Amino acid sequence: QVQVVESGGGLVQPGGSLRLSCAASGSIFSIYNINWYRQAPGKQQREWVARISSGGSTHYADSVTGRFTISIFNANNTVSLQMNSLKSEDTAVYYCNTDVLTKQHSRADYWGQGTQVTVSS
């Protein structure tokens, strides 16, 4: 069993910053990569935002490049997403997805419950 917990969401004014955290725990042997997705109000599909791999390489959606930074927060399978210069269109529920090799040696991905980010004046 793998647990994924996001935190750090909230209300921020346009141009402001927030930092989200994603903590993965449980039966994890190793992590392949961790992704952030978001689902905007009224949208049915989740949009991929950013990814960090076990080797440390990072990738971003065009819509957040230069404003968001994904990084390893600490060694305990925790990743942060620093969001700067926030815009109203960044308003969404942000989800963390972890792609792992479990201790049972099976590969699977797990989702957190999401954290709300609202950008509004």
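Provided above is the structure to which this section pertains.
Residues numbered from 1 in each chain as written. Predicted model: local features only at pLDDT ≥ 70, side-chain atom pairs only at ≥ 80, totals over all residues. Heavy atoms only, no water.

(A) Structural view of the side chain of Glu 6. By secondary structure assignment, the location of Glu 6 is in strand β1 (residues 2-7). Despite its burial, Glu 6 pairs with no opposite charge; the closest candidate is Arg 46, at 7.1 Å N-O. Within the structure, Glu 6 has its side chain in polar contact with the backbone nitrogen of Cys 96 (distance 2.7 Å). Among the polar contacts made by the side chain of Glu 6, one reaches the main-chain amide nitrogen of Gln 113 at a distance of 3.0 Å. Not counting chain neighbours up to four residues away, the residues in contact with Glu 6 comprise Ser 21, Cys 22, Trp 36, Tyr 94, Tyr 95, Cys 96, Gly 112, Gln 113, Gly 114 and Thr 115. (Helix = DSSP H or I, 4+ residues; strand = E, 2+ residues; numbered from the N terminus. Buried < 20%, exposed > 50% of the residue type's maximum accessible area, 1.4 Å probe, protein only. Lys, Arg positive; Asp, Glu negative; His and termini not counted. Salt bridge = Lys/Arg side-chain N within 4 Å of Asp/Glu carboxyl O. Polar contact = N/O pair within 3.5 Å; in protein donor to acceptor, adjacent residues only side chain to side chain. Contact = heavy atoms within 4.5 Å.)

(B) Geometry of the pairing of strand β5 (residues 47-53). Where strand β4 (residues 28-39) lies against β5, six bridges are found, and the strand directions are antiparallel. Within β5, the position partnered with Asn 35 by the bridge is Arg 51. Of the pairings in the sheet, the one linking β5 to strand β6 (residues 58-60) comprises three bridges and is antiparallel in character. When the sheet's bridge partners are listed, Arg 51 is paired in β6 with His 59. Hairpin remark: β5 followed by β6, antiparallel, with four residues in the connecting loop; positive phi at Gly 56, about 100°. (Pairing = 2+ DSSP bridges.)

(C) Spatial organisation of the state of the cysteines. Across all of its chains, the model carries one disulfide by this definition. Disulfide partner of Cys 22: Cys 96, at an S-S distance of 2.0 Å. As the torsion about the S-S bond is roughly -75°, the Cys 22-Cys 96 disulfide counts as left-handed. Residue Cys 22 is located in strand β3 (residues 18-26), and its partner Cys 96 is located in strand β9 (residues 92-102); the two are separated by 74 residues in the primary sequence. (Disulfide = S-S within 2.5 Å.)

(D) Representation of the packing of aromatic side chains in the model. Counting across every chain of the model gives two aromatic pairs. When the ring of Tyr 37 is compared with that of Trp 111, the centres are 5.0 Å apart and the planes differ by 55°; the resulting orientation is tilted. Note that Tyr 37 is positioned in strand β4 and Trp 111 in strand β10 (residues 107-111), a separation of 74 residues in sequence. Summarising the aromatic geometry, the rings of Tyr 95 and Trp 111 are spaced 6.4 Å apart at their centres and angled 80° between planes, so their arrangement reads as edge-to-face. In this pair, Tyr 95 sits in strand β9 while Trp 111 sits in strand β10, placing the two residues 16 residues apart along the sequence. Put simply, the rings of Tyr 37, Tyr 95 and Trp 111 pair up and form one aromatic cluster. Lying over the aromatic face of Tyr 95, Arg 46 brings its terminal NZ or CZ to 3.6 Å of the ring centre. For Arg 46, the ring lying beneath its charged end belongs to Trp 111, and the centroid distance is 4.6 Å. (Phe/Tyr/Trp six-rings, centres within 6.5 Å; stacked < 30°, edge-to-face > 60°. Lys NZ or Arg CZ within 6 Å of the ring centre and 35° of its normal.)

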